[in-house]
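# Analysis of the macromolecular model
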Amino acid sequence: MKLIFGASKSKKIGSKILQIHMKTPYSHVYARWLLKSQEREIVYHASHGMVHYCSLERFLSNNIIVKEFALEITDEQFKKFSRKCIDLAGEKYSQLELLQIWLSDVSGDKLHFKDQKGYICSELMCELLEDLGIKFCKPKHLIKPIDIITALELYGKTQ
């Protein structure tokens, strides 16, 4: 089974601000895969107020893919992965975590914060990737899209 993890951007001001802050050409991370029985690509991410699925076509109507990486996983790994996706779908988006990351960055990591309820895109992808054996050196709630892409550059195959 092939899972694709990627980075994207949009034309919205929030995306531009995140790109400037991180000094990257992207502001968002997501996972996608082929639903064979439906003959459709599905995208899973945290945005627009919650963790959710959408079709690749809908995703591309608001996002521009910048980078993608493929990970080959076993059927058992995918079963566990998809169960977690189903369980987390509908969790709220945590705008407070975006503020905490920014405050942590501008303070030079001198300010420490606890995990808040909900998810941002990079925290969600971090949790899913950790379940697949990929390691990160920060708490999940402080992970940024650039941290996800850096890890994928080590573990994934460029798509």
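Quick summary incoming for the structure in this document. (Residues numbered from 1 in each chain as written. Predicted model: local features only at pLDDT ≥ 70, side-chain atom pairs only at ≥ 80, totals over all residues. Heavy atoms only, no water.)

### A word on the side chain of S122
- Inspection of the secondary structure puts S122 in helix α5 (residues 121-131).
- Accessibility expressed as a relative area gives 1% for S122, which makes it buried.
- The residues contacting S122, other than those within four sequence positions of it, are V29, I143, K144, P145 and I148. (Helix = DSSP H or I, 4+ residues; strand = E, 2+ residues; numbered from the N terminus. Buried < 20%, exposed > 50% of the residue type's maximum accessible area, 1.4 Å probe, protein only. Contact = heavy atoms within 4.5 Å.)

### Section: the packing of α5 against helix α6 (residues 145-155)
- The N-to-C vectors of α5 and α6 enclose an angle of 30°; their axes lie 8 Å apart at closest approach. With respect to their mutual orientation, α5 and α6 come out roughly parallel. Listed contacts from α6 to C121, S122, M125, C126 and L129 of α5 are P145, I148 and L152. (Axes fitted to C-alpha atoms, helices over the stretch in contact; angles between N-to-C directions. Parallel < 35°, antiparallel > 145°, perpendicular 65-115°, else oblique.)

### Considering the side chain of S55
- Within the secondary structure layout, S55 lies in strand β4 (residues 50-55).
- Here R58 takes part through its backbone nitrogen, which lies 3.1 Å from a polar atom of the side chain of S55.
- What S55 contacts, discounting residues up to four positions off in sequence, is R40, E41 and V43. (Polar contact = N/O pair within 3.5 Å; in protein donor to acceptor, adjacent residues only side chain to side chain.)

### As for the pattern of salt bridges
- Evaluation of the coordinates by the stated rule reveals 10 salt bridges.
- As a salt-bridge pair, D131 and K84 come within 2.9 Å of each other at their nearest N and O atoms. Pair noted here: D131 is in helix α5 and K84 is in helix α3 (residues 75-88), with a separation of 47 residues, a long-range link.
- The partly exposed category is assigned to K84, whose relative accessible area is 23%.
- D147 serves as the salt-bridge partner of K138, at 2.9 Å between the closest nitrogen and oxygen.
- By relative accessible area, which is 18% here, D147 ends up buried. (Salt bridge = Lys/Arg side-chain N within 4 Å of Asp/Glu carboxyl O.)

### Looking at the environment of L152
- Along the chain, L152 turns up in helix α6.
- A residue is classified by how much of its surface remains accessible, and L152, at 0% relative accessible area, is buried.
- For the pair L152 and G6, spaced 146 residues apart in sequence, the C-alpha separation works out to 8.8 Å.
- Apart from residues lying up to four places away in sequence, L152 is in contact with F5, F69, L71 and L129.

### A look at the packing of aromatic side chains
- Applying the stated criterion to the full structure yields eight aromatic pairs.
- On the numbers, 6.3 Å between centres and 80° between planes, the contact of W33 with Y53 is edge-to-face. Of this pair, W33 sits in strand β2 (residues 28-35) while Y53 is found in strand β4, placing the two residues 20 residues apart along the sequence.
- Between W33 and F78, the aromatic rings sit 5.9 Å apart at their centres with planes inclined by 75°, giving edge-to-face as the arrangement. Taken as a pair, W33 in strand β2 and F78 in helix α3 lie far apart in primary sequence, 45 residues in all.
- A relative accessible area of 3% means that W33 is categorised as buried.
- For F78, a relative accessible area of 18% translates into the label buried.
- Ring-pair connections join several aromatic residues into one group, and the members of that group are F5, W33, Y44, Y53, F78 and F81. (Phe/Tyr/Trp six-rings, centres within 6.5 Å; stacked < 30°, edge-to-face > 60°.)

So, to be careful, I would describe these as geometric facts and stop short of saying anything about function.
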